[in-house]
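Remarks on the overall topology
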Amino acid sequence: METPHSTTHAPQGFWTKYLFSTDHKTIGIQYMITGLFMAAVGGFLAYVFRYNLAFPGESIPLFGQLDAMHYNAFVTNHGMIMVLFVGMPFLVSGLGNLLIPLMIGTDDMAFPTLNMMSFWIFLVSCLVMVAAFFVPGGAFGGGWTLYPPLSASGYVNRNPAFWSTFFSATPMFILGVALEFVSMLMGGINFLVTTINKRAEGMTPFKIPLIVWFLNIATLDFMVSVGPLVAGAVMLLLDNVVGTGFYDPARGGDPVLFQHLFWFFGHPEVYVLLLPALGVMGEIIPVFSRKPLFAYRTIIYLSLIAAVLSVVVWAHHQFIAGIDPRMATFFSIGTIIISIPFAGVFLSFMATLWGGSIRFTMPMIWALGFIGLFLIGGLTGLYLGSSTFDIYAHDTYFVVAHFHYTMFPVVFFGFFSAVYFWFPKFTGKHLNHTLGMIHFWLTFIPFNVTFFVLFFNGLAGQHRRVNEYSSFSNIMKEPYITFEKISTIGAIVLMVSQFIFLYNLFISLRKGRKAEKNPWDSNTLEWQADSPPVHGNFNPYPVVYHGPYEYSHPSSEQDFVPQDNPIVLKTN
Amino acid sequence: MTIFPENISTYGQEIDRLFYTISALVAVAFVISLFVLLYPLFNNSAKRVKKATYFTGAKRKHFRWITFALVALALSDFYFLYAEHGAWVTIEQTQVKPDFHVSITGRQWNWAFTYPGLDGKLYTPDDIVINEMNSELHVPINKNIVVDLWAKDVLHSFFVPNIRLKQDCVPGRMIQRWFKLTKTGTYDIACAELCGLLHGKMRNFLVVESQEKFNGYIDSLYKKNAPALTMTNPSN
Amino acid sequence: MENPITVVVPDKDHDYHGHPNYTKIYFWLLGLFAISLVVSLLFSPVLAVSIIFLTAVIKTALVINNFMHAKYEPFMVVVFIMLVVFILGALLFGMMPDITYSRLQLAP
Amino acid sequence: MAEQTLSVSLKQVPQGRLGVWLLIVGELIIFGSLVVCYLLYRLRFPSWVEQTQHTSTFYGGLNTFVLLTSSYTIVKANDAALKKDLAKMSRYMLTTIFCGLIFLAVKSTEYAHEIGAGFTLTSPGLQATNPVGATFWSFYYIMTGLHATHVLAGMVTLFVVWLDARKGRNIHRVELGGLYWHMVDLIWIFLFPLLYIAK
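Model, not experiment: these values are computed from the prediction.

1. Description of the overall build of chain C
- Check the secondary structure of chain C and you find 3 helices and 0 strands.
- Going from the N terminus to the C terminus, chain C shows its helices and strands as α-α-α.
- For chain C, buried positions account for 47% of its 108 residues.
- Within chain C, counting contacts between residues at least 6 apart in sequence, those at least 24 apart form 59% of the total.

Set out below in structure tokens:
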């Protein structure tokens, strides 16, 4: 057999191998490490302002006093960093780069150089975001939603002397986000072209693993929804730096326009993060239930419907922002309807468990934890999708608790499931199971402690982004003061316990049990490559004969049938 | 401990009721989903079940249960959309006959209240403006109060938890809302939209009082402010 | 056994199944351009604007189909173009009630 | 069974062209959003019609002609490239780049003309008398400016492609550069009526 490509061309020097590599695996790991770094930054910000909320006025260990200006800046940057600089590199860029070429059975991305470039642009955008903390006047503090006029004009919470210079925090914030978008657009083109054009022979659309489908739907969703925000951000930047009046009511501009443009992107962005996380669950649950994924095709159709719906429901973030009340009714209906396809997807995942032979391995535990938590997040979404209840709950801690119950499982449980599942593949070492269990319970329980009480604080009328609640003595009384403290202690435990994960990564890389090719007896193509895969992944390229989820097929002796195994399965 | 702060408006009850309606539906959905999730975990662990059953769910027969669940979800969704719509219309889309009309302007960082002057009309030169931090908005009990919400500089959000009313104030537009209060007392007015440095200190008070007391308050206000009525006509 | 992967060499064996007459299309475009100019000078604004945007849409269709060869591309590319139209339509009609039909009033 | 599964079901677009199509989708949505924002404001403020009187139909029309011509020449260049007629292809490509230059020259003249009349990105003079009208000029400059940037980017791209293609290397890139160039043309097809002739 002719060798289709050489596997010996792996770059050998340190710089070319680990830094300026065009290999999709290296780039994926680079994304994840950058994401971990940004998660540490975002987590530290959260720790500081969470501590300040529970113990107002006290000096914060490792930081010191937190004033209102820094409080606003920290809250703002925590939001943007966690969504765009942690969620995106973990779930979309990181997983996409690591998995897409391997799972569709090819050597690399369609445009490897573009891929490398998109990572370096992403790194620059991260540096811009972090550097904004050190410019005169401090980081941007106008809310992660960047609503003008606060973000566009001089009425900001900082010294006006630093206002309109280009190297002040607001332009840097916008620029950092814009660079991130550029990077993700480049990566997105790469993902879609790779998946459409470079699939292994025999890999028809419905033999593609679910996560590759979901990564591509998410990418397409991102690419079509980000345009309006790019346009809006350009106008905001000009308003800010040059002094145009796109959002200045005195000159005919309308601040609500930016809210629309922002949420036109902002809402699909939730699904951009959710879909890859669901894809991870779609890989893990069948493997450890030893059963085919329930209703694989229907899940794909449902998520396509959800992706289309996701771009027409954005205004539910603005029910009380002064939009036309009749429009609010329309968007309320759309929002509630979008719960149906996702309920279908989740129920299909749960149905996969029924009749299975369930193995409680680390990735499975994380996946189940994800489903349990997201259930709460999704169901509390129904309260907020109702426009009438949103009049009361909007911008309270109820919203904060709701979206942390969705975003935290998506970003972190999704990421941890993926790491525990694919770590043996990409490093050739097993993670430590005991440390993993400790990590799981010390994440799951403190997370619930942190955010469940906040639902009650929100219902009591406590609104967000207030650095000291002491001035609202009517709203902020017992037991809500205690709840704040409970939440903060939970958050601190949650953050500290993440060091277990880092320690586990470190110790397993050095001393971990060596991993075989296919430790979980899984079907998909990445497990048929070496652990860790060599440069070029496959030699020869695999040919696909089966769908990705043929577990416990009655006509096969083994309980799994790798996709490139040419045996013939009898259908009944 | 009550879940919500005390309700003092005529429509606040409907929002509370909506919360309990949704909670009931959500509780049912949660319990069922949790059962669906947990039952196989206890029943189908690898120790108990050595070999999994092969079914793909591609057949409609298998997918039937999920279809039932989705239809049930859709029905309950539309039930509470139907249930909530009345309250939405009451709060957001109803034009009531104002017994008392007051203009509220959000600015950095307090709420400025404008009462009509002796002529009983807003936006005339004799309006009385109260524009200081921690000031009070006095309104009479059991009267339809219509508020015009403005924002001077950046976005603000008029939020009185006890009324269950929250409305963003947007520069460049005037938004009208109404309420009718049923209980006297002093309540917090907060700003629920990040508006800059002292967003957290943006707190004023809503004082609900009887008509007589309220009339006395307005009179005293008029006496105090009469010489300083130099407001320019804001309607231009 | 041959190399099992489908190696896509750009345009190596790609055929457009014939080509449109580019010159003819070019003159059509110029003609439509002339129509829009003439219309803008002659007719009432409402009629003129409708005709002008009609010509713009026709011009777009001509360019996309012939110059960009979309009519020879698989259905997928058509889906991408439709996505643009769908997104922009959703954006326009979603924002119109709030931006266009809201009254601009400045705080007193 | 196995034979059935071996078929590739999607007709494939070469990966370079698919990538450019996706890039075009992204770019068109960004530009389209600006156009949508402009349209919303234009319908909100009928008084903007006075401002549109100041845009020059002559310069706009000239630029439309130039861009349509350049679109034609680049598609002819691609045609020549497919027929391996390198000299003709090179000539057509240079014509296209030259058309781009003319476009930018006309645009600069137009800008100079407008700026001379006091209409700039912020139009400080206009702000005092007609603040709402000043925003029209912000839109005018942001839309045409972003478009001109794309023209410039397209020219650079085509030039880089030409450097290789005239020697017969990477000829397929002529088509990719051409696709991008057509997109620039498409955007102008909508900007021209919006800003210059719908008065």
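2. Quick look at the interface of chain A and chain B
- Contacts between the two partners involve 95 residues from chain A and, on the opposite side, 85 residues from chain B.
- Of the roughly 7,700 Å² buried between chain A and chain B on both sides combined, carbon and sulfur atoms contribute 69%.
- There are 2 salt bridges connecting chain A and chain B.
- A salt bridge links Asp254(A) to Arg173(B), with the shortest nitrogen-to-oxygen separation between them at 2.5 Å.
- Across the contact surface, chain A and chain B share 27 residue pairs in polar contact (both at pLDDT 80 or more).
- At the level of secondary structure, the elements contributing two or more residues to the side of chain A that touches chain B comprise α3 (68-103), α7 (255-289), α8 (296-310), α9 (325-353), α10 (362-385), α11 (387-393), α13 (433-459) and α14 (480-511) of chain A.
- If one sorts the elements of the side of chain A that touches chain B by residue count, α9(A) sits on top with 17 residues.
- In terms of residue class, the side of chain A that touches chain B is built from 54 nonpolar, 30 polar and 11 charged.

3. Observations concerning unusual backbone geometry
All names here are of chain A.
- Backbone torsion omega between Pro148 and Pro149 reads 0°, so that peptide bond is classified as cis.
- Inspection of the secondary structure puts Pro149 in the loop between α4 (112-131) and α5 (169-197).
- Of note, the phi angle at Ala295 is positive, near 55°, even though the residue is not glycine.
- Mapping Ala295 onto the fold places it in the loop between α7 and α8.
- When its relative accessible area of 1% is taken as the criterion, Ala295 is described as buried.
- In this structure, Ser552 takes a positive phi of about 55° despite not being glycine.
- Here Ser552 is to be found in the segment after α14.

4. Some thoughts on the pairing of strand β1 (residues 100-107) of chain B
Residues and elements named next belong to chain B.
- Burial within β1 is extensive, with 6 of its 8 residues counted as buried.
- The pairing of β1 with strand β5 (residues 144-151) spans 7 bridges and is classified as parallel. Counterpart to Val102 in the pairing with β5 is Val147.
- Where β1 and strand β2 (residues 110-115) come together, 5 bridges link them in antiparallel fashion. Residue pairing for β2: Gly106 is matched across the bridge by Trp111.

5. A few points about the confidence of the model for chain A
- Chain-level statistics for chain A give a pLDDT mean of 90 and a share of 95% at 70 or above.
- Here residues 155-164 of chain A scores under 50 on pLDDT; set against residues more than four positions off or in separate chains, the count is 33 contacts.

6. Looking at the domain arrangement of chain C
- What the domain assignment lists for chain C is domain 1 (20-68) and domain 2 (74-101).
- Domain 1 of chain C and domain 2 of chain C are separated by 22 Å when their C-alpha centres are compared.

7. Brief notes about a nonpolar patch on the surface
Residues and elements named next belong to chain C.
- A surface patch of nonpolar side chains, about 540 Å² in accessible area, is lined by Val38, Leu41, Leu42, Phe43 and Leu47.
- The biggest single contributor to the nonpolar patch is helix α1 (residues 22-42), with 3 residues.
- As for its placement among the helices and strands, Leu42 is situated in helix α1.
- For Leu42, a relative accessible area of 63% corresponds to the exposed category.

Parameters and conventions
- Residues numbered from 1 in each chain as written.
- Chains lettered and ligands numbered in written order.
- Predicted model: local features only at pLDDT ≥ 70, side-chain atom pairs only at ≥ 80, totals over all residues.
- Heavy atoms only, no water.
- Helix = DSSP H or I, 4+ residues; strand = E, 2+ residues; numbered from the N terminus.
- Buried < 20%, exposed > 50% of the residue type's maximum accessible area, 1.4 Å probe, protein only.
- Contact = heavy atoms within 4.5 Å.
- Buried area = accessible area lost by both parts, 1.4 Å probe.
- Salt bridge = Lys/Arg side-chain N within 4 Å of Asp/Glu carboxyl O.
- Polar contact = N/O pair within 3.5 Å; in protein donor to acceptor, adjacent residues only side chain to side chain.
- Nonpolar A, V, L, I, M, F, W, Y, C, P; charged D, E, K, R; others polar.
- Pairing = 2+ DSSP bridges.
- pLDDT = per-residue confidence, 0-100.
- Domains from an automatic or database assignment.
- Patch = residues over 30% accessible without salt bridge, like charges linked within 9 Å, V, L, I, M, F, W, Y side chains within 5 Å.
- Areas by Shrake-Rupley, 256 points an atom, 1.4 Å probe, with all protein chains shown as cover.

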